[in-house]
Amino acid sequence: MQILIFNLVLVIVDMCVGTEVISFKSFQLQHNKVYQSNEELSLREQIFKRNVLEIEKHNQLYDQGLTTYRMGVNKFTDMTPDEFSSMLKTIPLSNVSFKQDASANNMELYTLKPPVNIDWRENGMISAVKDQGNCGSCWAFSVTGAVEAQIAISQKSNVILSEQELVDCEKRNNGCNGGALIYAYQYVKETGLTYEDEYPYQGVKNYECKNVKRKAVKLSSFSNITPYNETQLISVVGNIGPASVAINADKLQNYQSGVFNELCSNVVNHGVLVVGYNTEQNYWILKNSWGPNWGEKGYFRLAMGSGLCGIASQAYYPTKISSGSSKIHFFNVSVASLISGIIYMIRNK
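As the structure is a computational prediction, the values presented were derived from the model and not from experiment.

### Comments concerning the overall build of the protein
Then step 1. Within the protein, the secondary structure is distributed over nine helices and nine strands.
Then step 2. Counting only residues that meet the buried cut, the protein has 54% of its 349 residues in that class.
Then step 3. By sequence separation, contacts in the protein at least 24 residues apart represent 75% of the contacts at least 6 residues apart.
Then step 4. Accessible surface for the protein amounts to roughly 16400 Å². Of this, 53% is attributable to carbon and sulfur atoms.

As structure tokens, this is what we get:
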């Protein structure tokens, strides 16, 4: 009898979710899912259908105004929550042995009034959403995203940097098995980082670091906020630009849109990029590295003000950068503040 009821539930779920027809076969085709055996295919189908049922239940609450975000089917919907969590690889700060000694201190920054709202995407300062694939290299994408944005802001130049160089060459991190943001920043300061087309992303760790002579960028300094201080994070993002942060992403598996505002752990396991915020509606705008088909075209929004999911526990940002191997251009906090101030005045005329 229990088996009959379970199968009936699966049939109902297979028919529809909301107003969209969902089938496991179309999911496989859309996300290029190939399984190793019929047994695994059957298992993944059952997991998929259970997740779809949970998505439908959640979205009924959303339609009733009882939650602030929608769920949807994506490439992770054939995974259990435990499998999804095990994929997340950012190293918690407590496990980082490197002394937290960011190389620039910008306490004066926090006295500057930031814009009420800002979204650096609107100003063309954010590179396209990337996909880390099956490699636990989120930490690398978070850092390249921040540096790419600062080059765009301070030098009006669009560059795409190499995550693969960080995966292969930053030896304090663990490649596809996780890493800490601060180690990646330290690498870019010590060694520099090349272009994506010089060192293309492969989504696996190559145990030999490719010798690259032409570097696209080198940090002169980077900084961090006081841990768990969202007010400082607002100042950084508003007055300077996007910042790398670590969060706990356990509950983002089936996120689709809206402002995520559920209780979640502060033990961080995923690196992302804060590209904006809205203090009137109290949310952060974050760029992910799970491809443009996840979430809000690769982005998601997270509730602001309560340190949700550890959002401000580890936050780093470039303060001085040099672009190219021959010329050095130092990025200055006052320059970024002037840019953001001009943007703010234009948007609030």
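### Some remarks on the pattern of salt bridges
Then step 1. Throughout the structure, instances matching the rule amount to 14 salt bridges.
Then step 2. Between K33 and D78 there is a salt bridge whose closest N-O contact spans 3.3 Å. Of this pair, K33 sits in the loop between α2 (24-30) and α3 (38-63) while D78 sits in the loop between β1 (69-71) and α4 (81-87); the two residues are 45 residues apart in sequence, bridging distant segments of the chain.
Then step 3. Between R172 and E170 there is a salt bridge, with the nearest N and O atoms lying 2.9 Å from each other.

### Topic: the side chain of N239
Then step 1. Assignment of secondary structure puts N239 in helix α8 (residues 230-239).
Then step 2. With a relative accessible area of 3%, N239 lands in the buried category.
Then step 3. At 3.4 Å, the side chain of N239 and the backbone oxygen of L112 are in polar contact.

### Here's the deal with the environment of V212
Then step 1. Tracing the backbone shows V212 in the loop between α7 (181-190) and β3 (217-224).
Then step 2. Placed 47 residues apart in sequence, V212 and E165 show a C-alpha to C-alpha distance of 9.0 Å.
Then step 3. Not counting residues within four places of it along the chain, the set of residues in contact with V212 comprises T194 and Y199.

### What about the side chain of H270?
Then step 1. Take H270: it is sitting in strand β6 (residues 270-278).
Then step 2. Of the polar contacts made by the side chain of H270, one reaches the side chain of N288; its length is 2.8 Å.
Then step 3. In contact with H270, other than residues within four places in its own chain, are L88, T90, Q132, C138, V245, A246, I247, A249, N288, S289 and W290.

### Considering the state of the cysteines
Then step 1. What the rule picks out here adds up to three disulfides.
Then step 2. Between C135 and C176 runs a disulfide, and the two sulfur atoms are separated by 2.0 Å. Taking the sign of the S-S torsion, -100° for the link of C135 and C176, the bridge is left-handed. You can see C135 sitting in the loop between β2 (117-119) and α5 (138-155) and its partner C176 sitting in the loop between α6 (163-169) and α7, a full 41 residues away along the chain.
Then step 3. Taking relative accessible area as the criterion, C176 reaches 15% and is therefore assigned buried.
Then step 4. Two residues, C169 and C209, share a disulfide whose sulfurs are 1.9 Å apart.

### A closer look at the packing of aromatic side chains
Each aromatic ring pair is described using two quantities: the centre-to-centre distance and the angle formed by the ring planes.
Then step 1. Taken as a whole and assessed by the stated rule, the structure comprises 18 aromatic pairs.
Then step 2. Between the aromatic rings of F24 and Y35, the centroid separation amounts to 6.1 Å while the plane-to-plane angle is 10°, which identifies the pairing as stacked. One end of the pair, F24, is in helix α2; the other, Y35, is in the loop between α2 and α3, with eleven residues separating them in the sequence.
Then step 3. Look at Y35 and you get buried, because its relative accessible area is 13%.
Then step 4. Between F141 and Y201 the ring centres are 5.0 Å apart and the planes differ by 80°, which places this aromatic pair in the edge-to-face class. Taken together, the residues span a long stretch of sequence, with F141 in helix α5 and Y201 in the loop between α7 and β3 at a distance of 60 residues.

### A short note on the confidence of the model for the protein
Then step 1. Looking at the protein as a whole, its pLDDT mean stands at 86, while 81% of the residues score no less than 70.
Then step 2. Taken as a whole, residues 1-19 scores under 50 in pLDDT and shows 18 contacts with residues more than four places along the chain or in a different chain.
Then step 3. Segment residues 97-101: pLDDT under 50, and eleven contacts once partners within four positions in sequence are set aside and those in other chains are kept.

Cut-offs used in this document
- Residues numbered from 1 in each chain as written.
- Predicted model: local features only at pLDDT ≥ 70, side-chain atom pairs only at ≥ 80, totals over all residues.
- Heavy atoms only, no water.
- Helix = DSSP H or I, 4+ residues; strand = E, 2+ residues; numbered from the N terminus.
- Buried < 20%, exposed > 50% of the residue type's maximum accessible area, 1.4 Å probe, protein only.
- Contact = heavy atoms within 4.5 Å.
- Areas by Shrake-Rupley, 256 points an atom, 1.4 Å probe, with all protein chains shown as cover.
- Salt bridge = Lys/Arg side-chain N within 4 Å of Asp/Glu carboxyl O.
- Polar contact = N/O pair within 3.5 Å; in protein donor to acceptor, adjacent residues only side chain to side chain.
- Disulfide = S-S within 2.5 Å.
- Phe/Tyr/Trp six-rings, centres within 6.5 Å; stacked < 30°, edge-to-face > 60°.
- pLDDT = per-residue confidence, 0-100.

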